[in-house]
Amino acid sequence: MQSKFLTGLIIATASVTSIFYTTTARALQLSNSMWAEFNQYVQQERLQLQGAELLELDPTSLRWANGVNDAEIYFINEGASFRNALYYSVNNGPEQLIWGDIASPNSIIKEANGPMSLGQGFSLGSYQGDTQLSLFLAPNGSNTRRYGAVAENNPDGLQHMVAYNVKAGGENWVLIGFEDLFGAKGATGGSNQKSDRDFNDVVVAIRGIEGTAVGVPEPSAMLALLGVGSFLGLRRRHQSTNEA
Ligand SMILES: [Ca+2]
Ligand SMILES: [Ca+2]
């Protein structure tokens, strides 16, 4: 009886240790330089994501066509007064929480008690074959309201998510920005929240995912995609660091 109990205890301890180890091993964090690669496109408050030179993607088309191992999503910044939450769903499966309180002491609209660090990551899991990803923003952690990639499914019928292809560290990433306020830009009255439509309320980056371009890139966009713009980007980052 006692030895059975001890065996059980040892097994239980081993399981707890291995869970703890797995969680620790999976703690994801972007390096400062990688984080800056993405954050250079995030404007200060009340200005839209600076994406003109990037290839804009249809946010409903995001997928890993050949599956993915330990899919990674990283928090880049937030310019929100709301304490937003972010959920995901794979192949239209059940909604799962990524982060429940997207606020940080170091973000654009900072909260001293925000639990997030810039560049903090989360593993979305591993999947075989064609894998479609949906993201949903819950404004101020709402239990019922969701803003996703399909505009007509949003509470106000408007676009709330933008996606851009970004080449960083020699890999393809997608940079995603959300708008968390209801209604057309500047609209007031009714449910409208005098939205600024800046799409910087939650900004995240996802490694290796792909999507369909919404338009043909202009020559300047092609140069940026080929990495010709990285030197200029580096200069710009240094300047903004000095100003901060
Ligand atoms: Ca905030
Ligand atoms: Ca906004």
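Thresholds, definitions, all that
Residues numbered from 1 in each chain as written. Chains lettered and ligands numbered in written order. Predicted model: local features only at pLDDT ≥ 70, side-chain atom pairs only at ≥ 80, totals over all residues. Heavy atoms only, no water. Donors = N, O, S within 2.8 Å, 3.2 Å for Na, K, Ca; no water. Tetrahedral: all angles 85-135°; square planar, octahedral: opposite > 155°, others 65-115°. Pairing = 2+ DSSP bridges. Helix = DSSP H or I, 4+ residues; strand = E, 2+ residues; numbered from the N terminus. Salt bridge = Lys/Arg side-chain N within 4 Å of Asp/Glu carboxyl O. Buried < 20%, exposed > 50% of the residue type's maximum accessible area, 1.4 Å probe, protein only.

Going by an unreviewed UniProt entry, the chain carries the name DUF4114 domain-containing protein and comes from Floridaenema fluviatile BLCC-F154.

(A) Seen up close, the coordination of the calcium ion (ligand 1). The protein atoms that coordinate the calcium ion (ligand 1) are Glu-78 (OE), Glu-78 (OE), Ala-80 (O), Ile-109 (O), Glu-111 (OE) and Glu-111 (OE), at distances of 2.3 to 2.5 Å. The site at the calcium ion (ligand 1) holds six donor atoms, and with the angles between them running 53 to 174 degrees, its shape is irregular. For the calcium ion (ligand 1), the single-chain donor residues occur in sequence as E-x1-A-x28-I-x1-E.

(B) Highlighting the sheet that holds strand S2 (residues 63–64). Strand order in the open sheet formed by four strands is S2-S7-S4-S5, and the pairing between neighbours is antiparallel. Each edge of the open sheet carries a strand with a single partner, namely S2 and strand S5 (96–102). In terms of strand pairing, strand S4 (residues 84–90) meets S5 through four bridges, oriented antiparallel. Following the sheet pairing, Tyr-88 is matched in S5 by Gln-96.

(C) Focus on the pattern of salt bridges. Tallying each qualifying case throughout the model produces five salt bridges. Between Glu-72 and Arg-207 there is a salt bridge, with its nearest N and O atoms 2.9 Å apart. Placement of the pair is Glu-72 in strand S3 (residues 68–77) and Arg-207 in strand S10 (residues 202–207), with a sequence separation of 135 residues. For Arg-207, a relative accessible area of 26% puts it in the partly exposed group. Among the salt bridges present, the one from Glu-95 reaches Arg-146, with a minimum N-O distance of 3.0 Å. Of this pair, Glu-95 sits in the loop between S4 and S5 while Arg-146 is found in the loop between strand S7 (131–138) and strand S8 (161–168), placing the two residues 51 residues apart along the sequence. For Arg-146, a relative accessible area of 16% corresponds to the buried category. In this structure, a network of salt bridges that share partners links the residues Glu-72, Glu-171 and Arg-207.

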